Amino acid sequence: MTEIKEEMKITGNERPKIGVYVCHCGVNIGGVVSVPDLVEYAKTLPNVKVGREYKFFCSDVGQKMIKEDIEAGLINRVVVAACSPRMHEPTFRIACKEAGLNQFLFEMANIREHSTWVHMKEPEGAYEVAKDHIRLAIAKARELIPLDVQKVSVEPACLVIGGGITGMNTALDIATSGYKVYLVERTPTIGGHMAQLDKTFPTMDCSSCILTPKMSEVSRKKNIELLTYSEVTEVTGYVGNFEVTILKKPHYVDPIKCTACGICVDSCPITVGNEFEIGLGTRKAIYVPFPQAVPGEYTIDMENCIECGICARINVCEPEAIKFDDKPEYLKVKVGTIVVATGWDSYDPTELKQYGYGKYPNVITGLQMERLLSSFGPVVGKPVRPSDLKEPHSIAFLQCVGSRNFREGGNKYCSRVCCMYATKQARQYKEKHPEADIYIFYMDIRAFGKGYEEFYQSAAENYGINYIRGRIAEVSEDEDHNIIIRSEDTLLQQPIEMKVDLFVLSTGLEPRADADKVTSLLRIQKSADGFFMEAHPKLRPVDTLTEGIFIAGVAQGPKDIPDSVSQAKGAAASAITLMAQGEVEIEPFFAIIRPERCIGCAMCVENCAYGAIDIIDDRRFGKIAEVNEALCKGCGACSGNCRCSAIDIKGFSAEQIYSIITGRM
Amino acid sequence: MVEEQSRKYGLFLGCVIPNRYPFIETSIRNVFDHLDIDILDLPGASCCPAPGVFRAFHIPSWLVIAARNISIAEELGVDIVTGCNGCFGTLRDTWIELQHDYDLKKEINEHLSKIGRSFKGTSEPKHVAQVLYQDLGLDYIKDHIKHKFSDLNVAIHYGCHIAKPSDKRPWGGECEDPRFLDEIIELTGAKSLNYKDKMLCCGAGGSVRSAIKEVSLDFTREKLTNMKKAGADAIITACPFCHLQLDLGQFEVNNIFKDEIDEPFKIPVIYTTQLLGLSMGIDPNLLGLLKNHDLSGVPPFISIDPFLNIVKEQLVKEEIKA
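Everything numeric in this text was worked out from a predicted model, so none of it was measured. (Residues numbered from 1 in each chain as written. Chains lettered and ligands numbered in written order. Predicted model: local features only at pLDDT ≥ 70, side-chain atom pairs only at ≥ 80, totals over all residues.)

The next subject is the overall build of chain B. Secondary structure summary: chain B contains 14 helices and eight strands in total. Radius of gyration (C-alpha) of chain B: 20 Å, near the 20 Å computed for a compact globule of 322 residues. If you line up chain B on its principal axes, its C-alpha atoms span 60 × 50 × 40 Å. Once local pairs closer than 6 in sequence are excluded, the contacts in chain B between residues at least 24 apart make up 79%. (Helix = DSSP H or I, 4+ residues; strand = E, 2+ residues; numbered from the N terminus. Rg over C-alpha atoms; globule rule 2.2 N^0.38 Å. Contact = placed C-beta atoms within 7 Å.)

Put into structure tokens, the structure is as follows:
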């Protein structure tokens, strides 16, 4: 076998003998166009020596057919006309390699996504398009030359961005496997949104009780370097070798000297709204976000601090921990992998004016209700309504606020947690106030998770919570700030007008407002809903299209805690897999300079977005451009703009592109 | 600010203004004249046609007639201004729909070609309030204000078609709680009251007035009750049909619902440009603000005398003092 393979080693000079394999893809392709006809057509084209069809070429049997043709010496170039290369290009490359053919002598024609799916209803047209795709792929295959893959080492360290429940779990798993983790969190504490929750559905276990131990575990973990109140400012490099710059914002309090006595907080004259309580409570300019914060470091918020110096007085801060001259620090670290777990923002319902949020005091959001219910919240778990601080006797919840909204100002997706959190909050209130009237206005109740349907059924049957199917059209308030609701009960087909004491908007989850900063920093993509895009919605849910960078939790799309933790562990496993290999292959599609043509004009240096090109002094050719292959992404900006045609992109050379174009005409 | 050269608009009257409330037309013409705007007539303009009546029965007919009206302004090379929410709705919906649907535009133009016309989409249909608020701007109008009311509480009624559907209206998607009319009215010193269900329909629209009058007037009763409760000295409208429903409607509500209301309603109903014109120092006669007994056979049905007394008290006396 090995000997045959050695014989088969292809050189660029050998005459191309192309094998064309047209896949039926079940009925995806074969059900629209005639695959045998396509094969016959391909066989009429120059250099095509073998043409075959099969139900699924990606299967073992299909791959074997290709391998046998290679091994028998019938062909030295492979064209598979099937699906998108995103999924199966690696499959066929490996098959070629196993049969002794350089894996870059393979080309794929996507006749499924680009033809039979989009032109499903016009089979004749689809057939013509498929023929074109096959002809172009063959044209390029004719010009293919063997390339060598490059191997780079993987730094055994991971950067985790975001210290919520997802980021924490990822960090813990990776650290336990023995790799270094830099956990970067931009607020002064880890814990994320889960720290704001009182209880979690459907088990009703206390959020803090299960979160706090995790938080301290993270802070104790040997392999985790916890960087709170920090932000990633720059990421360069590539898979296995990312160079990351992290800004450590100044706390203005020395964490070593500080004994966390809290006297400074009492003496601080500045009171501002507490972000953690979402406007329902206050904090001082010097603060710890919440009692269980980790690390429990004090921070001075310089946007609000007036630098009066009272906290720094010796009778206030005995250990002299306050340092107004604290400076931001930049930390540079090298990591092999990155996990993005940046979480979500709560939808701001102010623009949905019909619901009166921000206008009527007794209209609040679900997250605010959570703080009202929280035992360490502003009203220590005894919810009152904002207007008169009285206990509400009736509460209405409105579902899908900002979610499943196809009109302006809303999000089209389902936020996946609101049905359950509203049910949970309603149950919590009903437990303490059995006499209260609770209404949940919904479109559909989506109780999809483990134990969720049971939880919802019990809320309706055992707790007497009233579920009304109908959107609330508008609300107004009376003189006592009670909320008057107008809706329709679509099951009874009756209009409803009712008065409640408190109105809770079950607002959904949104991508972070500054998610764009992350996408440009890491060169990852967003999907149409604004969340970060996974490499494949089903099979690569935590990977991104940038190798070595993974996503997890709500940053990828709305999900509840169990799903977030599952993804956290998935992303951790993916990162570990990469680091455990020690080295990784990178595609050889980078720019190469033809020194004899280059005049050293440096136009390419300007055009390169990745800083991969330098001008060097060559002994033979004088001033010429040189490409750093590790930094080059193969985008082709340099090649397209080179006025001397001195730059080629491997795998996309001028000859190959030209061959495709002429093949088309 | 308006550019030096004068702005020109084609005034689209519609039906209710010339037939029921001609003083709305005179107030628009005089206010715009004071603001250095040229108002051109649209010769041959017909019914817009009314959205509730025509569109509900046959959309293509509705579009063709509306497109014909717009084409008159296109010939003159001017944008359209209308003081009626219904006309605004019909013309603007048509203008937007035909611009976004190539096939529909072609079909409509085939019909129009039979009478030698065509729709191009070059004349934007605008509401009087839109011209005031967006084309001229509050600062520009402010420079023309001469007198201010010191104590006038008004209930502004926007009406429906002026702001809805929000994607075909010029207010940036705002339809639940618009402020543009409030801001124009507040330039006169009048206080715009916040009353319950401010955005509720007057009751007339959608052919409800013609079809089921009692239901229609029940809306009006609700609306009037809320306005009265808030302490309105006058109702300010931006649409002649709403104007009719709130004016004649008071009369009708007082009869039909006399057992359900405490005392008969008699709140003067004033059109936006009438109030604005007063503040700009225009002769009330030119704004159609006449004593009821001076008019015969012409509305208003509800006496505006209490409002004229306020004007006398707050604007005229102040002017004499000055």
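Continuing now.
This brings us to the overall build of chain A. When helices and strands are tallied, chain A shows 17 helices and 34 strands. By its C-alpha atoms, chain A is 85 × 70 × 45 Å across when sized along the principal axes. For chain A, the proportion of its 665 residues judged to be buried stands at 42%. Within chain A, contacts between residues at least 6 apart in sequence are counted, and of these 69% link residues at least 24 apart. (Buried ≥ 20, exposed ≤ 12 C-beta atoms within 10 Å, placed from the backbone.)

Structural remark: α-helix, 3.6 residues per turn; residues separated by three or four positions point the same way. Residue and element names in this part refer to chain B. In this model helix H11 (residues 213–229) runs 24 Å from its N-terminal to its C-terminal C-alpha over 17 residues, within 8% of the 24 Å that 1.5 Å per residue would give. What H11 keeps buried is the set Ser216, Leu217, Phe219, Thr220, Arg221, Lys223, Leu224 and Met227. Elements that come into contact with the buried residues of H11 comprise strand E5 (153–157), helix H10 (208–211), strand E7 (234–237) and helix H12 (240–256). A positive backbone phi angle near 90 degrees is found at glycine 231, which sits one or two residues after H11. (Expected span 1.5 Å × (residues − 1).)

All names here are of chain A. Ordered in space as E2-E1-E3-E4, the four strands form an open sheet in which the pairing is parallel. In the strand order of this sheet, the two ends are held by strand E2 (48–54) and strand E4 (106–110), each with one partner. On average, each strand axis in the sheet is inclined to that of its neighbour by 15 degrees, with strand direction left out of account. Sheet topology note: the strand E1 (residues 18–23)/strand E3 (residues 77–82) ladder contains five bridges and is parallel. Bridging across to E3, valine 22 finds its partner in alanine 81. Contacts between helix H2 (residues 35–43) and the sheet are confined to E1, E2 and E3, with E2 contributing the most and set at about 175 degrees to the helix. (Pairing = 2+ DSSP bridges. Axes fitted to C-alpha atoms, helices over the stretch in contact; angles between N-to-C directions.)

Right, let's talk about the interface of chain B and chain A for a bit. Contacts between the two partners involve six residues from chain B, matched on the other side by five residues from chain A. For the side of chain B that touches chain A, the residue count by class is no nonpolar, one polar and five charged. (Nonpolar A, V, L, I, M, F, W, Y, C, P; charged D, E, K, R; others polar.)

Right, let's get into the sheet that holds strand E2 (residues 37–41) of chain B. Residues and elements named next belong to chain B. If you walk across this open sheet you meet the four strands as E2-E1-E3-E4, and the pairing is parallel. Looking along the sheet, the strands with just one partner apiece sit at the ends: E2 and strand E4 (125–127). Each strand of the sheet is rotated relative to its neighbour by a mean of 40 degrees, with strand direction disregarded. One ladder, built from three bridges, connects strand E3 (residues 79–82) with E4; its direction is parallel. The residue bridging isoleucine 80 from the neighbouring strand is proline 125, located in E4. Lying over the sheet, helix H7 (residues 128–136) contacts strand E1 (7–12), E3 and E4, oriented at roughly 85 degrees with respect to E4.

It is worth spelling out the confidence of the model for chain B at this point. The share of residues in chain B with pLDDT of 70 or more is 94%, and the mean pLDDT across the chain is 92. The ipTM, which scores confidence in the relative placement of chains, is 0.76 for this predicted complex, and the corresponding pTM is 0.82. (pLDDT = per-residue confidence, 0-100.)

The next thing to look at is the packing of helix H7 (residues 165–176) of chain A against helix H14 (residues 561–581) of chain A. All names here are of chain A. Remark: H7 packs on H14, axes separated minimally by 8 Å, with the N-to-C direction vectors making an angle of 35 degrees. The hand of the H7/H14 crossing is right-handed. Residue-level contacts link Ile165, Thr166, Asn169, Thr170, Asp173 and Ile174 of H7 to Ile561, Ser564, Val565, Gln567, Ala568, Lys569, Ala571, Ala572, Ala575 and Ile576 of H14. Among the residues making up the contact of H7 with H14, the classes are represented as nine nonpolar, five polar and two charged. (Left-handed = near helix turned anticlockwise from the far one by under 90°.)

To continue, consider the domain arrangement of chain B. Interface size is commonly expressed as the accessible area that is lost once the parts come together. Residue and element names in this part refer to chain B. Along its sequence, chain B is carved into domain 1 (7–129) and domain 2 (145–321). Here the C-alpha centre of domain 2 lies 24 Å away from the C-alpha centre of domain 1. Contacts between the two partners involve 28 residues from domain 1 and, on the opposite side, 30 residues from domain 2. Looking at the side of domain 1 that touches domain 2, the elements that each hand over two or more residues are helix H1 (16–19), helix H2 (22–34), helix H3 (51–57), helix H5 (85–100) and H7. Per element, the largest residue contribution to the side of domain 1 that touches domain 2 is eight residues, and it comes from H2. Across the side of domain 1 that touches domain 2, the residue classes break down as 15 nonpolar, 10 polar and three charged. (Domains from an automatic or database assignment.)

Take the domain arrangement of chain A next. Looking at chain A, the domain boundaries give domain 1 (2–148), domain 2 (157–249 + 329–343 + 512–582), domain 3 (250–326), domain 4 (346–510) and domain 5 (591–649). Computed over C-alpha atoms only, the centres of domain 2 of chain A and domain 5 of chain A are separated by 36 Å.

We now examine the confidence of the model for chain A. For chain A, per-residue confidence averages 93 on the pLDDT scale, and residues scoring 70 or more make up 98% of the total. The low-confidence segment residues 1–9 of chain A, where pLDDT is below 50, has seven contacts with residues more than four positions distant or belonging to other chains.

It is worth spelling out the nonpolar core at this point. Ranked by internal contacts, the top residues of the largest apolar core, which has 121 residues, are Cys158(A), Val160(A) and Val340(A). One finds Cys48(B), Val64(B), Cys84(B) and Leu246(B) within the second-largest nonpolar core, a separate group that totals 95 residues. (Core = buried A, V, L, I, M, F, W, Y, C linked by C-beta atoms within 7 Å.)

What follows is about the pairing of strand E23 (residues 466–469) of chain A. Relative to E23(A), strand E22 (residues 437–442) of chain A runs parallel, the two being bridged by four bridges. Paired with Tyr442(A) across the bridge in E23(A) is Arg469(A).

Residue and element names in this part refer to chain A. For the pair helix H11 (residues 418–432) and helix H12 (residues 452–461), the least separation of the axes is 10 Å and the interaxial angle reads 40 degrees. Overall, the two elements H11 and H12 adopt an arrangement that is oblique. Where H11 crosses over H12, the two elements pack in a sense that is left-handed. Two secondary-structure elements touch here, H11 through Met420, Thr423, Ala426 and Arg427 and H12 through Tyr452, Phe455, Tyr456 and Ala459. (Parallel < 35°, antiparallel > 145°, perpendicular 65-115°, else oblique.)

A word on unusual backbone geometry. The peptide bond linking Val294(A) to Pro295(A) adopts the cis configuration, its omega dihedral lying at -5 degrees. In the segment running from Lys164(B) into Pro165(B), the intervening peptide bond is cis, with an omega of -5 degrees. With respect to the element layout, Pro165(B) can be found in the loop between E5 and helix H9 (180–186). Phi is positive for Cys25(A), close to 50 degrees, though the residue is something other than glycine. Along the chain, the position of Cys25(A) falls in the loop between E1 and H2. Residue Cys25(A) is classed as buried on the basis of its C-beta count, with 23 C-beta atoms lying within 10 Å. In this structure, Ser207(B) is a non-glycine residue whose phi angle is positive, near 65 degrees. Assignment of secondary structure puts Ser207(B) in the loop between strand E6 (191–192) and H10.

This part is about the environment of His144(B). Residues and elements named next belong to chain B. Topologically, histidine 144 is positioned in the loop between helix H8 (138–142) and E5. Residue histidine 144 is classed as partly exposed on the basis of its C-beta count, with 17 C-beta atoms lying within 10 Å. Leave out the neighbours within four places in its chain, and histidine 144 touches His34, Leu35 and Met280.

Residue and element names in this part refer to chain A. Turning to its location among the elements, glutamine 425 is positioned in helix H11. Accessibility expressed as a C-beta count within 10 Å gives 25 for glutamine 425, which makes it buried. Counting along the chain gives 226 residues from glutamine 425 to lysine 199, while the straight-line C-alpha distance between them is 8.6 Å. For glutamine 425, the contacting residues outside a window of four places in its chain are Met369, Glu370 and Leu373.

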